[in-house]
Amino acid sequence: MSVVQNKSELSKWYLPGILTGLGITFRHLVKNLFNKKQMLTLNYPEEKYEYSPRFKGNHVLTVKKDGSLRCTACMLCATNCPAECINIVASEHTDPKVEKYPVKYEIDILRCVFCGFCEEACPVDAVRMGPEWQTPAPNGSKFVYDINHLAYRPQLKGGIQSIVDDDERHKSGI
Ligand code: SF4
Ligand code: SF4
C-alpha cells in the first residue's frame, strides 16, 4: 500500500518522468550512432524501403509492343471502382482491329483505396498496380493521374508492356 502511495506521490512531479524519457532517448541515440545497421528507421527520402513486387501500389496503364495504350476503354475498371475515382472518356479507333481507346483516363489517387478491383476487372491486362508507393505532390491537381503519368512516367522507362498478345486475343475471339 505504501509503495502505491509513494508511486502516486512521485508521479505528481514531472521531472522524474522527463529525465527517464531523456535517458531512453539518449540510450537509443548512442546505440544507433554506433550500430547503424540495426537502426529501425530509414533516412527517407534518400533511403527508401523496397516493397515486394507483389505489393499493390500506384497504378500503371500497360502498353502494346508499339507503345500505344493497351486499354480498350471498356469501363469495367471504372464501373467496379468502389471509390469512383476512375474517369474515362472513350473514342472510336481508326484501326478496325482495335476496339475503342481512351482519349482520357484519369485516376484521382487521393480517393483511391488501393483495393485492386480495377486490376481484377480489366479483361485485357491494361491496368496494373505496382510496387511504387510514394505519392508526394506540390498541389492537389497533381494527385489526379492522367494517361501520361499512368503509362509513360519516367520511372516506367517508356511504359510497361502487357503480357497479353493482341493476335492471340483475336484468335480466341476476345
Ligand atoms: S484500386 Fe480500387 S479504389 Fe483504386 S482505382 Fe482501383 S478500383 Fe478504384
Ligand atoms: S483499363 Fe481495362 S477495364 Fe479499364 S477501361 Fe481499360 S480495358 Fe477496360
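Residues numbered from 1 in each chain as written. Chains lettered and ligands numbered in written order. Predicted model: local features only at pLDDT ≥ 70, side-chain atom pairs only at ≥ 80, totals over all residues. Heavy atoms only, no water.

1. Things to note about the site of ligand 1
Around ligand 1 lies a shell of 14 residues, among which Cys81, Cys112, Cys115, Gly116 and Cys118 are the nearest. Class assignment of the residues belonging to the shell around ligand 1 gives a composition of 12 nonpolar, 2 polar and no charged. (Near = heavy atom within 4 Å. Nonpolar A, V, L, I, M, F, W, Y, C, P; charged D, E, K, R; others polar.)

2. Side note on the sheet that holds strand E3 (residues 101-108)
Strand order in the open sheet formed by 3 strands is E2-E3-E5, with antiparallel pairing between adjacent strands. In this open sheet, the two strands that pair with only one neighbour each are strand E2 (86-91) and strand E5 (144-145). Strand direction decides the pairing type here: E2 and E3, joined by 6 bridges, are antiparallel. Paired with Asn87 across the strands is Glu106, a residue of E3. (Pairing = 2+ DSSP bridges. Helix = DSSP H or I, 4+ residues; strand = E, 2+ residues; numbered from the N terminus.)

3. Some words on the domain arrangement of the protein
Domain parsing of the protein yields domain 1 (2-38) and domain 2 (59-171). The C-alpha centroid of domain 2 is placed 52 Å from the C-alpha centroid of domain 1. (Domains from an automatic or database assignment.)

4. Description of the packing of aromatic side chains
Geometry of an aromatic ring pair is reported as the spacing of the ring centres plus the angle between the planes. As enumerated under the stated definition, the model contains 4 aromatic pairs in all. With 5.9 Å between their ring centres and 35° between their planes, Tyr44 and Trp133 make a pair best called tilted. Here the residue Tyr44 occupies a position in the loop between helix H2 (14-34) and strand E1 (59-61), and Trp133 occupies one in the loop between strand E4 (127-129) and E5, the gap between them amounting to 89 residues. An aromatic cluster is defined as three or more aromatic residues linked by ring pairs; in this entry it consists of Tyr44, Tyr49, Tyr51, Phe55 and Trp133. (Phe/Tyr/Trp six-rings, centres within 6.5 Å; stacked < 30°, edge-to-face > 60°.)

5. Let's talk about the pattern of salt bridges
Inspection of the entire model under this criterion finds 3 salt bridges. Ionic pairing is found between Glu119 and Lys56, a salt bridge with its closest N-O pair at 2.9 Å. Linking Glu119 in helix H4 (residues 117-121) with Lys56 in the loop between H2 and E1, this pair joins segments that are 63 residues apart in sequence. Judged by its relative accessible area of 17%, Glu119 is buried. (Salt bridge = Lys/Arg side-chain N within 4 Å of Asp/Glu carboxyl O. Buried < 20%, exposed > 50% of the residue type's maximum accessible area, 1.4 Å probe, protein only.)

6. Notes on the side chain of Asp125
Turning to its location among the elements, Asp125 is positioned in the loop between H4 and E4. Take Asp125: its relative accessible area is 17%, and that puts it in the buried class. Excluding its chain neighbours within four sequence positions, the residues that come into contact with Asp125 are Thr62, Arg70, Ser162, Ile163 and Val164. (Contact = heavy atoms within 4.5 Å.)

7. Focus on the nonpolar core
The biggest cluster of nonpolar side chains holds 26 residues, and the ones touching the most others in it are Leu61, Ile86, Tyr105 and Ile107. Residue assignment for this core shows that the elements contributing at least two residues are E2, E3, E4 and helix H5 (147-152). Take this core: its biggest share by element is 3 residues, from H5. Those residues in contact with Ile86 that lie beyond four places of it in its chain are Cys77, Ala78, Cys81, Tyr105, Glu106, Ile107 and Cys118. (Core = buried A, V, L, I, M, F, W, Y, C linked by side-chain atoms within 4.5 Å.)

8. Some thoughts on the side chain of Lys64
Residue position: Lys64 is located in the loop between E1 and helix H3 (76-80). By relative accessible area, which is 15% here, Lys64 ends up buried. If near-sequence neighbours (up to four positions away) are discounted, Lys64 is found in contact with Leu69, Arg70, Val98, Gln161 and Asp166.

9. Here's the deal with unusual backbone geometry
With omega at 10°, the peptide bond leading from Tyr44 into Pro45 counts as cis. Position of Pro45 among the secondary structure elements: in the loop between H2 and E1. The phi dihedral of Met75 is positive, around 75°, even though this residue is not glycine. Here Met75 is to be found in the loop between E1 and H3. Although it is not a glycine, Glu84 adopts a positive phi angle of roughly 50°. Along the chain, Glu84 turns up in the loop between H3 and E2. The class for Glu84 is exposed, based on a relative accessible area of 62%.

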